[in-house]
2 protein chains.
Amino acid sequence: MLKVFSHLKIYHRLNTRLSSSLSALKEDIIEPSRALTKETMNPNVRDAEYAVLGELPARAEMIEKAIQAGQNKFKFDNVVYCNIGNPHIFNQKPITFFRQVSSLCENPDLLKIENRQLVSKLYPSDAIARAEILLKNIGFLGAYSDSKGVPHIRQNIAKFIESRDGYPADPDTIFLTQGASEGIHRVLQLLHQPNHHQKTGVMIPIPQYPIYTACLQLMGAEPVPYYLNEQKNFEVDLSRLEKSLRMAREQNVNVRALAVINPGNPTGQCLPEGNIREVIQFCHENGLIAMADEVYQANVFHPQDHPFHSFKKVLRSMGPKYDNQELFSFHSTSKGMVGECGRRGGYVECVNIDPAVLQELYKIFCMFSCANVQGQIMVDLMTNPPTEGDASYPQFKAEIDAIHTSYHRRAKRLTDCFNRLEGVVCEEAKGAMYLFPRITLPPKAIREAKRAGMSPDSFYAMALLEATGVCVVPGSGFGQEPGTLHIRCSFLPEESLFDTFCKNIERFHKEFMTKYKD
Amino acid sequence: MLKVFSHLKIYHRLNTRLSSSLSALKEDIIEPSRALTKETMNPNVRDAEYAVLGELPARAEMIEKAIQAGQNKFKFDNVVYCNIGNPHIFNQKPITFFRQVSSLCENPDLLKIENRQLVSKLYPSDAIARAEILLKNIGFLGAYSDSKGVPHIRQNIAKFIESRDGYPADPDTIFLTQGASEGIHRVLQLLHQPNHHQKTGVMIPIPQYPIYTACLQLMGAEPVPYYLNEQKNFEVDLSRLEKSLRMAREQNVNVRALAVINPGNPTGQCLPEGNIREVIQFCHENGLIAMADEVYQANVFHPQDHPFHSFKKVLRSMGPKYDNQELFSFHSTSKGMVGECGRRGGYVECVNIDPAVLQELYKIFCMFSCANVQGQIMVDLMTNPPTEGDASYPQFKAEIDAIHTSYHRRAKRLTDCFNRLEGVVCEEAKGAMYLFPRITLPPKAIREAKRAGMSPDSFYAMALLEATGVCVVPGSGFGQEPGTLHIRCSFLPEESLFDTFCKNIERFHKEFMTKYKD
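For clarity, every value in this text was computed on a predicted model and none was experimentally measured.

## Examining the overall build of chain A
Inference 1: Scanning chain A from terminus to terminus reveals 18 helices and 14 strands.
Inference 2: Over its C-alpha trace chain A gives a radius of gyration of 26 Å, about what one expects of a compact globule, namely 24 Å for 518 residues.
Inference 3: When the backbone C-alpha atoms are referred to their principal axes, chain A occupies close to 85 × 65 × 60 Å.
Inference 4: Within the span of chain A, comprising 518 residues, buried residues form 62% of the whole.
Inference 5: Mean positive and mean negative side-chain charge positions of chain A (58 and 58 charges, respectively) differ by 5 Å.

Shown next as structure tokens:
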């Protein structure tokens, strides 16, 4: 019988015990097991880790469902999702002008002459004008655009980059993407050499937003970690880069690229210009492609002392010697003050990339068609917002400023809150949306975590969730220096609820430390 | 020197000739070549083929740019893009109700009480009601949804599937995707076994929409072609499936899945129920996962004789013996009468899939966040359109019917046009958006094509483009039986221009045949 099926499915259960009944045997024959199981699926997919999904958010969801079902046995009324940078779930309002334009683009009937009078009562003149320009240039909102993105929008992005950096940008090297993650994935796919005698490696910062590790694991490539310097505000440390590269090469890894997240996620630093220059020099000397994840470029809270410097600007400032230094820079509509995460808008600028390689990148984009046009429109609006003199400018500016200053205040308040806690040290975020406090737990808590089969930071985060409803990500999800413990906590909860939010964390921490005092 | 750089970049040129000047030598040292070239990029990406991109559309774009720049040396005024199923570029209007709802969702201010009176003059009551339901259930349009998609929308899709098939559907097994192509890619990624001692293979129909081959090539897996039976209206031929599978297994390929496109692209067939049953039986007997690409399920033109049967319905009708037969079914907002290609909406229903595997699929979706919410909304509208009694129903029905009957008329007219041509045989499309006429070219044309380094069908298609502006895809882009030649031509051009469109094709063909008469 086995021979008959040798070319067919592998059976899960084949009860060969003589005592088995005929019917049980029949069942085994008639019902072949599934072709796709955890054992027979892609092991790279199975083994890839993604900490933003995991025990903690799963538990958070269960708690939320229990509360919604009226089974609230908890000391809180709702889960506070500080585990992801998802501003709108905290009632952050979308930017009015952006939504007005996208709404007009959706419904071309609104722009018909017979509706003009009514529509002008609902929409400001510049929103109508912008929608008309977009629709004229997009042509047909419901059609596939150029696989790279609408040319008009790419031109506008190029202008934005030029005015940001003071160096030219070429619309033909800009690809619109479904959020930054698609861009990151495509670039990693492009440089991966699956049939090479050496494993492809990409240097990634630790701590790191885990999309990099996950993408590399999915394709069977090797994350090559380098530790950020926590003692120096999470800057990139050249000697650590060198050590990490040397070790990887000694282990026969074909290191091809180096990724930097700036402003940092989860670490909140804004890298000084000199540090970026060092990184670019290091890439240049070692034949590495630079990948700059700059999705938080607008979330900068100390622009005087810690401004955002784009990798592109620093690279261009280094002169013609670096004209072949490859750089991919990623941006997104999900962050900034826009926070339109659900729209999946973003772009990648490809700097100094071989035109023949760009053509191959274009081919992959063609296979999966264009990025969604609604996301493209949001990229256009984000990179070309109303300017002084426009009818919508005052409201736009007020909205952006209100979000920005509130982020700053919330970051500050949460930093102070963490720093008031016993055994916790928290650097104030210079950028991005998170704090990454370092926590020292009593040995008893660490022993208890071990007994529970959890890392100590996960144990702490789970206790925080159960006591307060606050869901954070343990530092181990991003990687952290051995012997250190952290949590990543967004500072996005509504400002009006911030007092309670902070008090809950403080009360929990005190109780936790008391409980596990040795 | 080489030793010094042995761990660094490989230099393009290293002029070691003694006569080289010092400055040239210096340049070689100072300016290392790029790290990422066609030689050092991912060979799977480089070697992947995607015929929808290629010489022909590139030439079409050049011609269009020349015409736009006022350099019209052609006998036509515009390029007619029949190479892709992109209905809106032919001025096909979006479905009014769908865009009204999406437009209201975009701009929450429109739903405020103070704007109600004005808005009710611009929007029908059921569009307002639907937008309110969607916004209430989505929560925050600008936030990431559940990575699988908004639960409310997945429930609505499940209801749509249930009413289509007469069998239950589970919202938890439905994943919203960025168009169907993302779903196809994720499923192939899931079943690929990159480190297996055998290469992973997936059976794909020939002719075939090339996303399957392209995705498999990208990940280093093996497309296992099986020929559709052109003599029998492009049905799936069991003996050919068996032959193809046997050959692949003899060549040590680990064949894991079988893909079917129904209604067919590029071939336009609607498979009879019995044929689908045969395919499912074949999958079951051979331990293959079924992949049903059903994006054209609404584009059916002879519903009496050739109705659409979903693979899910046929599978469920085959009884409990098939309860472990895995099936992935793909759908999209890009096709049907909706044609919202730019929105990148779609879903995959996972039938009989191991829950542990579904959990891993969910993990990949979490890594790349949710499908864009605007696309999700369009899936909701497509699967749950207005029904009788709704304020918008009469207009909705009129719009859908007008597009549908016009598609049918255009398909018929273009079929007749092709069948009038010497040496051309064209089956009328039972479904989808394309015709796939078989063409017989004179030996002289075939010799001329060879001289030009082109396949004969590409040569013919290029001549058609140059003479008429009509851009089609040569059959070789989809695969065709050796010794046969085809082109794929969408029947989407505006109906009012159809006479001219057909006449141009006829005139060109006559001239071509005269020119290449032996």
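## Concerning the nonpolar core
Inference 1: Among the nonpolar cores identified, the biggest contains 279 residues, and Leu414(A) and Leu414(B) are the most heavily contacted of them.
Inference 2: Beyond its immediate sequence surroundings of up to four residues, Leu414(B) is in contact with Leu435(B), Cys489(B), Ser490(B), Phe491(B), Phe498(B), Phe501(B), Cys502(B) and Ile505(B).

## As for the relation of the copies chain A and chain B
Inference 1: Under the fitted operation, chain A is carried onto chain B by 0.0 Å of movement along the axis and a turn of 180°, and the coordinates agree to an RMSD of 0.0 Å. This pairing of chains is accounted for by a two-fold axis. The position closest to the rotation axis in chain A is occupied by the C-alpha of Ser103(A), lying 2.2 Å away.

## As for the pairing of strand S14 (residues 487–490) of chain A
Residue and element names in this part refer to chain A.
Inference 1: By the alternation rule, side chains of S14 split into Ile487 and Cys489 and Arg488 and Ser490, which are all buried.
Inference 2: Both strand S10 (residues 434–435) and S14 contribute to a ladder of two bridges, which runs antiparallel. By the bridge assignment, Tyr434 is partnered in S14 with Ser490.
Inference 3: As paired elements, strand S13 (residues 473–474) and S14 share two bridges and run antiparallel to each other. Paired with Pro474 across the strands is Ile487, a residue of S14.

## Brief notes about the pairing of strand S4 (residues 222–227) of chain B
A regular strand carries its side chains on alternate faces of the sheet.
All names here are of chain B.
Inference 1: One ladder, built from six bridges, connects strand S3 (residues 199–206) with S4; its direction is parallel. Across the sheet, the residue bridging to Ile204 is Pro225, located in S4.
Inference 2: Crossover S3 to S4 through helix H9 (residues 211–218) is right-handed.

## Let's talk about the environment of Glu448(A)
Inference 1: Take Glu448(A): it is sitting in helix H16 (residues 443–451).
Inference 2: Sequence separation between Glu448(A) and Ile63(A) is 385 residues, and the spatial gap between their C-alpha atoms is 23 Å.

## Describing the pattern of salt bridges
Inference 1: Enumeration according to the criterion identifies 60 salt bridges over all chains in this entry.
Inference 2: Across the pair Glu427(A) and Lys430(A) runs a salt bridge, and its minimum N-O distance is 3.3 Å.
Inference 3: The class of Glu427(A) is partly exposed, set by a relative accessible area of 41%.
Inference 4: Assessed through its relative accessible area of 8%, Lys430(A) is described here as buried.
Inference 5: Here Glu340(B) makes a salt bridge to Arg343(B), at a shortest N to O gap of 3.3 Å. By the burial criterion, Glu340(B) is buried, and Arg343(B) matches it.
Inference 6: One network of salt bridges, in which partners are shared, links Arg99(A), Glu340(A), Arg343(A) and Glu106(B).

## With respect to the sheet that holds strand S7 (residues 327–332) of chain B
Residues and elements named next belong to chain B.
Inference 1: Spatial strand order, S2-S8-S7-S6-S5-S3-S4: seven strands in an open sheet with mixed pairing. Sheet topology places strand S2 (174–177) and S4 at the edges, where each strand pairs with a single neighbour. In this sheet, neighbouring strand axes are inclined to one another by 25° on average, regardless of whether the strands run parallel or antiparallel.
Inference 2: With five bridges connecting them, S3 and strand S5 (residues 253–261) associate as parallel partners. The partner of Met203 across the bridge, within S5, is Leu258.
Inference 3: Strands S3, S4 and S5 of the sheet are contacted by helix H10 (residues 238–250), whose axis makes an angle of about 150° with S4.
Inference 4: Relative to strand S8 (residues 346–351), helix H14 (residues 373–383) is tilted by about 70°, and along the sheet it contacts S2, S7 and S8.

## Thoughts on the UniProt feature "coiled-coil region" (unreviewed entry) in chain A
Inference 1: Under the present numbering, the feature "coiled-coil region" (unreviewed entry) in UniProt falls on residues 231–258 of chain A.
Inference 2: The span residues 231–258 of chain A shows a helical share of 46% and a strand share of 21%, and its end C-alpha atoms are spaced 22 Å apart.

## Quick word on the interface of chain A and chain B
Inference 1: Residue-level contacts link 106 residues of chain A with 105 residues of chain B.
Inference 2: When the two sides are added together, the surface that chain A and chain B hide from each other amounts to roughly 8900 Å², 58% of it contributed by carbon and sulfur.
Inference 3: Per-residue buried area on chain A facing chain B is highest for Leu36(A), Tyr144(A) and Met367(A); these three make up 9% of the total on that side.
Inference 4: Where chain A touches chain B, the interface holds four salt bridges.
Inference 5: A salt bridge links Glu106(A) to Arg343(B); the nearest nitrogen and oxygen atoms lie 2.7 Å apart.
Inference 6: Inspection of the region where chain A meets chain B yields 47 residue pairs in polar contact (both at pLDDT 80 or more).
Inference 7: Ranked by residues supplied to the side of chain A that touches chain B, first place goes to helix H13 (residues 355–367) of chain A with nine residues.
Inference 8: A per-class count over the side of chain A that touches chain B returns 46 nonpolar, 36 polar and 24 charged.

## Quick look at the side chain of Gln376(A)
Inference 1: Its location among the elements puts Gln376(A) in helix H14 (residues 373–383).
Inference 2: What Gln376(A) contacts, discounting residues up to four positions off in sequence, is Ser145(A), Gly149(A), Val150(A), Ile153(A), Leu176(A), Cys370(A) and Ala371(A).

## Description of the packing of helix H6 (residues 125–138) of chain A against H14(A)
Residue and element names in this part refer to chain A.
Inference 1: Where H6 meets H14, the axes come as close as 12 Å, and the angle between the chain directions of the two elements is 130°. Our classification of the angle between H6 and H14 gives oblique. Considering the relative orientation of H6 and H14, their crossing is right-handed. Where H6 approaches H14, its residues Arg130, Leu134 and Ile138 are matched on the opposing element by Val373, Ile377, Asp380 and Leu381.
Inference 2: Considered class by class, the residues forming the contact of H6 with H14 number five nonpolar, no polar and two charged.

## Observations concerning the UniProt feature "domain: Aminotransferase class I/classII large" (unreviewed entry) in chain A
Inference 1: When the UniProt feature table is mapped to this numbering, "domain: Aminotransferase class I/classII large" (unreviewed entry) covers residues 120–495 of chain A.
Inference 2: Across residues 120–495 of chain A one finds 43% helix and 15% strand; the C-alpha atoms that close the span lie 34 Å apart.

## Description of the sheet that holds strand S6 (residues 289–293) of chain A
Strand pairs in the sheet, formed through backbone hydrogen bonds, run parallel or antiparallel to each other.
Residues and elements named next belong to chain A.
Inference 1: In space, the seven strands of this open sheet follow the order S2-S8-S7-S6-S5-S3-S4, with mixed pairing throughout. Two strands close off the open sheet at either side, each with one partner strand: strand S2 (174–177) and strand S4 (222–227). Averaged over all pairs of adjacent strands, the angle between their axes in this sheet comes to 25°, without regard to strand direction.
Inference 2: Seen against the sheet, helix H7 (residues 151–165) touches S2, strand S7 (327–332) and strand S8 (346–351) and runs at an angle of roughly 115° to S2.
Inference 3: In this fold H14 packs onto S2, S7 and S8, with an angle of close to 70° to the strand it touches most, S8.

## Some words on unusual backbone geometry
Leaving glycine out, the prevailing phi sign among residues is negative, and the prevailing peptide bond configuration is trans.
Inference 1: With an omega of 0°, the peptide bond between Ile206(B) and Pro207(B) qualifies as cis.
Inference 2: Locating Pro207(B) in the fold gives a position in the loop between S3 and H9.
Inference 3: Omega for the bond connecting Asn262(B) with Pro263(B) falls within 30 degrees of zero, at -10°, which places this linkage in the cis form.
Inference 4: Despite not being glycine, Asn91(A) shows a phi value in the positive range, around 65°.
Inference 5: Secondary-structure assignment places Asn91(A) in the loop between strand S1 (80–81) and helix H4 (96–106).
Inference 6: The residue Asn352(B) is not glycine, and still its phi comes out positive at about 60°.

## Here we look at the domain arrangement of chain A
Residues and elements named next belong to chain A.
Inference 1: The assigned domain composition of chain A is domain 1 (47–90 + 396–516) and domain 2 (144–383).
Inference 2: The C-alpha-based centres of domain 1 and domain 2 are spaced at 28 Å.
Inference 3: Between domain 1 and domain 2, the residue contacts involve 35 residues of the former and 39 residues of the latter.
Inference 4: Buried area between domain 1 and domain 2, both sides added, is near 2900 Å², and the carbon and sulfur share of it is 59%.
Inference 5: Contact with domain 2 buries area across many residues of domain 1, yet Lys430, Phe478 and Glu481 alone supply 22% of it, more than any other trio.
Inference 6: Seen at the junction of domain 1 and domain 2, the total is two salt bridges.
Inference 7: Residue Arg240 pairs with Glu481 through a salt bridge whose shortest N-O separation is 3.3 Å.
Inference 8: Our count for the contact surface shared by domain 1 and domain 2 stands at 16 residue pairs in polar contact (both at pLDDT 80 or more).
Inference 9: Counting residues per element, the ones that place at least two in the side of domain 1 that touches domain 2 are helix H15 (393–419) and S10.
Inference 10: Top element by residues in the side of domain 1 that touches domain 2 is H15. It accounts for five residues.
Inference 11: A class-by-class count of the residues in the side of domain 1 that touches domain 2 yields 17 nonpolar, ten polar and eight charged.

Cut-offs used in this document
Residues numbered from 1 in each chain as written. Chains lettered and ligands numbered in written order. Predicted model: local features only at pLDDT ≥ 70, side-chain atom pairs only at ≥ 80, totals over all residues. Heavy atoms only, no water. Helix = DSSP H or I, 4+ residues; strand = E, 2+ residues; numbered from the N terminus. Rg over C-alpha atoms; globule rule 2.2 N^0.38 Å. Buried < 20%, exposed > 50% of the residue type's maximum accessible area, 1.4 Å probe, protein only. Lys, Arg positive; Asp, Glu negative; His and termini not counted. Charge placed at Lys NZ, Arg CZ, Asp CG, Glu CD. Core = buried A, V, L, I, M, F, W, Y, C linked by side-chain atoms within 4.5 Å. Contact = heavy atoms within 4.5 Å. Least-squares fit on C-alpha atoms with pLDDT ≥ 70 in both. Pairing = 2+ DSSP bridges. Right-handed = clockwise from strand over helix to strand, strands pointing away. Salt bridge = Lys/Arg side-chain N within 4 Å of Asp/Glu carboxyl O. Axes fitted to C-alpha atoms, helices over the stretch in contact; angles between N-to-C directions. UniProt positions renumbered as here; feature names shortened; annotations may be inferred. Buried area = accessible area lost by both parts, 1.4 Å probe. Polar contact = N/O pair within 3.5 Å; in protein donor to acceptor, adjacent residues only side chain to side chain. Nonpolar A, V, L, I, M, F, W, Y, C, P; charged D, E, K, R; others polar. Parallel < 35°, antiparallel > 145°, perpendicular 65-115°, else oblique. Left-handed = near helix turned anticlockwise from the far one by under 90°. Domains from an automatic or database assignment.

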